[in-house]
Amino acid sequence: MSQTAALRLRQAIARAEDATRERIPSGRSPEDADDVLGTFATDGALGFDPFPFLEALHDTGSRAVVIGQVAGIMHGSIELTGDLDLLWDGTPDEAHALRDALARSGCVELPDLRRSQVAYKVTGASGDLCTPALPWGAMDVTPCLTSAEITGDPAEFTIRYAALDT
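Along each chain, numbering runs from 1 in the same order as the chain's sequence is written. At least 70 in pLDDT is required for a residue's local features to be given in this predicted model, at least 80 for side-chain atom pairs to be given and counted, and no such filter applies to totals for whole chains, interfaces and linings, which use all residues. As a convention, hydrogens and water are excluded, and side-chain values are obtained from all of the structure's heavy atoms.

**Student:** Give a detailed account of the overall build of the chain, specifying residues and quantitative values.
**Tutor:** Put simply, DSSP H or I for four residues or longer makes a helix, DSSP E for two residues or longer makes a strand, and each gets a number counted from the N terminus. Looking only at helices and strands, the chain has five helices and six strands in total. Put simply, the chain runs from its N terminus to its C terminus through helices and strands in the order α-α-β-α-β-α-β-β-α-β-β. For 166 residues, the compact-globule estimate of 2.2 N^0.38 gives 15 Å, and the chain sits close to it at 15 Å. Dimensions along the principal axes, computed over C-alpha positions, put the chain at roughly 40 × 35 × 35 Å. The buried share of the chain, reckoned over its 166 residues, is 44%. Contacts: residue pairs with any heavy atoms within 4.5 Å of one another. Once local pairs closer than 6 in sequence are excluded, the contacts in the chain between residues at least 24 apart make up 58%. When the accessible surface of the chain is split by element, carbon and sulfur atoms take 50% of a total near 8700 Å². Two residue types count as positive, namely Lys and Arg, and two as negative, namely Asp and Glu; His and chain ends fall outside the count. To locate a charge, take NZ of a lysine, CZ of an arginine, CG of an aspartate or CD of a glutamate. If you average the places of the 13 positive and of the 26 negative side-chain charges in the chain, the two averages end up 2 Å apart. Throughout, radius of gyration means the C-alpha value; the globule benchmark is 2.2 Å times the number of residues raised to the power 0.38. Under the scheme applied here, a residue whose accessible area is under 20% of the maximum for its type counts as buried, over 50% as exposed, and between as partly exposed, the area being computed with a 1.4 Å probe on protein chains only. Accessible surface area values rest on a Shrake-Rupley calculation with a 1.4 Å probe, where residue burial reflects the displayed protein chains alone.

**Student:** Just give me the short version of the side chain of Thr42, but keep the residues and values in it.
**Tutor:** Among the secondary structure elements, Thr42 is positioned in the loop between helix H1 (4-20) and helix H2 (51-59). With sequence-adjacent residues up to four places away left out, Thr42 is seen in contact with Arg23, Arg28, Ser29, Pro30, Asp32 and Ala33.

**Student:** So what's going on with the environment of Pro52? Which residues, and what values?
**Tutor:** Within the secondary structure, Pro52 sits in helix H2. When the C-alpha atoms of Pro52 and Gly124 are compared, they prove to be 7.7 Å apart, with 72 residues separating the residues in sequence.

**Student:** Give me the layout of surface pockets: which residues, what numbers.
**Tutor:** Only protein atoms enter the 1 Å grid used here. Points where a 1.4 Å probe fits but cannot escape make up a cavity, open sets with protein on both sides within 12 Å along at least five of seven lines make up a pocket, and a residue lines them when an atom lies within 4 Å of a point. Grid points are joined across faces, edges and corners, and a volume is the space filled by probe spheres set on the points. Counted as a void, the largest pocket has a volume near 270 Å³. Taken together, 21 residues form the lining of the largest pocket, with Pro30, Gly44, Lys121, Ala125 and Ser126 sitting closest to its centre. When the residues that make up the lining of the largest pocket are grouped by side-chain class, the tally is seven nonpolar, seven polar and seven charged. Each residue gets one label: Ala, Val, Leu, Ile, Met, Phe, Trp, Tyr, Cys and Pro are nonpolar, Asp, Glu, Lys and Arg are charged, and the others, such as Gly, are polar.

Honestly, that's just the spatial picture; any functional story needs more than this.
Structure representation (structure tokens):
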């Protein structure tokens, strides 16, 4: 299993850390992101480190898939981000795995996983947890769950992320 995508993400997180080292918190949350600079211009980018949560997802057996800009980075985008969005299937088994991963990662307010989209916050990352039940318009996201790419992280866990051809 290739580690290329995980290494791209690790390099991007290191670049984000360098770029935000001197940044003073502005009070802007990822929900305040604009269409040009995205969540990287918000406080979500300060200390952004999705790896502990990604490892917890692996450890709990979650099959959640990284989507959004983090998936873009894993495919080679150089644009940085300040949030980690995930797609999951909405089943009770997956909800259980997600709750365990969230708790292991410092989530103090577990989100209501009965909703099709819900925000979460863990140590080092925040974002949205989305299911196929979310109104995606004409886009069918279900194949993203079954055709996810998998990369091995150097810390010996795997990360599932959206494939480009789904």
